Amino acid sequence: DENAIAAKTSKVDLSKLSDLEFNPFKHRTHSELTDYLRKLTDKYSSISKLYSIGKSMGNRDLWVVEVSSKPGEHQLFKPEVKLVSTMHGNEASSQTTAVSFITDLVTNYEVDPEVKRFVDGHRIHVLSTMNPDGHEVATKEVINNGPHRENAQTGGYGRDNNDGVDLNRNFP
């Protein structure tokens, strides 16, 4: 059972997240990711904030979660940490890892002194899906076993963005 494995490998108390339907092994569509991040940051609004840094080529929000003792407030001389994930949309495990990292930080802030010290000492910004267009293609292709996009430069379902560009080689 995935939840039993998660309980053994994480300090997250999954019962705290039952209302969020947290599953650290779930590959989320962009809509599911948006819903989860909104619910998570609403529930833990004292230490987290969800914001968009823009839109993808497919007009999907590029969601960033900030985790900080004072989210949304720049603090002079406080180190900033940036984590960017899922540059290739078909590398879904990086999204699940980033989402689990965010979830671990906010749920353990009050109970784990090491997490509290880390969060209090930094402003952490996590972009869990840099390529939501490719991730959406990859998710749908895997689920539906549909055709590969003809304009992809590098091959692989969802590796490229909506315009067929590999973001690792050519930022738009």
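As shown above, the structure is provided for reference.
Cut-offs and rules
- Residues numbered from 1 in each chain as written.
- Predicted model: local features only at pLDDT ≥ 70, side-chain atom pairs only at ≥ 80, totals over all residues.
- Heavy atoms only, no water.
- Helix = DSSP H or I, 4+ residues; strand = E, 2+ residues; numbered from the N terminus.
- Buried < 20%, exposed > 50% of the residue type's maximum accessible area, 1.4 Å probe, protein only.
- Polar contact = N/O pair within 3.5 Å; in protein donor to acceptor, adjacent residues only side chain to side chain.
- Axes fitted to C-alpha atoms, helices over the stretch in contact; angles between N-to-C directions.
- Parallel < 35°, antiparallel > 145°, perpendicular 65-115°, else oblique.
- Contact = heavy atoms within 4.5 Å.
- Phe/Tyr/Trp six-rings, centres within 6.5 Å; stacked < 30°, edge-to-face > 60°.
- Lys NZ or Arg CZ within 6 Å of the ring centre and 35° of its normal.
- Core = buried A, V, L, I, M, F, W, Y, C linked by side-chain atoms within 4.5 Å.
- Salt bridge = Lys/Arg side-chain N within 4 Å of Asp/Glu carboxyl O.

## Here we look at the side chain of Asn131
Within the secondary structure layout, Asn131 lies in the loop between strand 4 (123-127) and helix 5 (132-144). The class of Asn131 is buried, set by a relative accessible area of 1%. A distance of 2.8 Å separates a polar atom in the side chain of Asn131 from the backbone nitrogen of Gly134.

## Some words on the packing of helix 3 (residues 92-108) against helix 4 (residues 113-120)
Their axes nearest at 9 Å, the elements helix 3 and helix 4 cross at an angle of 105°. Looking at the two axes, helix 3 sits roughly perpendicular to helix 4. Across the interface between the two elements, Phe101, Asp104, Leu105 and Asn108 from helix 3 touch Val115, Phe118 and Val119 from helix 4.

## Remarks on the packing of helix 2 (residues 30-43) against helix 3
Where helix 2 meets helix 3, the axes come as close as 11 Å, and the angle between the chain directions of the two elements is 10°. Taken together, helix 2 and helix 3 sit at an angle that is classed as roughly parallel. Taking contact as the criterion, the partners of Leu33, Tyr36, Leu37 and Leu40 in helix 2 are, on helix 3, Gln95, Val99, Ile102, Thr103 and Val106.

## Re the packing of aromatic side chains
The final tally for this structure, using the stated rule, is 0 aromatic pairs. Note that Arg28 overlies the ring of Tyr36, its terminal NZ or CZ placed 4.7 Å from the centroid.

## So, the nonpolar core
Within the largest apolar cluster, 21 residues are counted, with the highest numbers of intra-cluster contacts made by Leu37, Leu40, Val67, Ile102 and Val119. Breaking this core down by element, the ones donating at least two residues are helix 2, strand 2 (61-67), helix 3, helix 4 and strand 4. No other element matches the 5 residues that helix 3 contributes to this core. Look past the residues within four positions of Ile102 in its chain and what remains in contact with it is Leu37, Leu40, Val65, Val67 and Val126.

## As for the pattern of salt bridges
Per the stated rule, a full pass over the model turns up 5 salt bridges. With its nearest N and O atoms 2.7 Å apart, the salt bridge here joins Arg60 to Asp133. In this pair, Arg60 sits in the loop between strand 1 (48-55) and strand 2 while Asp133 sits in helix 5, placing the two residues 73 residues apart along the sequence. A relative accessible area of 2% means that Asp133 is categorised as buried. Close ionic contact of Glu66 with Arg123 constitutes a salt bridge, the shortest N to O distance being 3.0 Å. Taken as a pair, Glu66 in strand 2 and Arg123 in strand 4 lie far apart in primary sequence, 57 residues in all. For Glu66, a relative accessible area of 2% gives the class buried. With relative accessibility at 8%, the residue Arg123 sits in the buried group. Through salt bridges that share partners, Glu66, Glu80 and Arg123 make up one connected network.

## A short note on the environment of Val137
Within the secondary structure, Val137 sits in helix 5. A residue is classified by how much of its surface remains accessible, and Val137, at 17% relative accessible area, is buried. For the pair formed by Val137 and Thr29, sequence separation is 108 residues and the distance between their alpha carbons is 9.2 Å.

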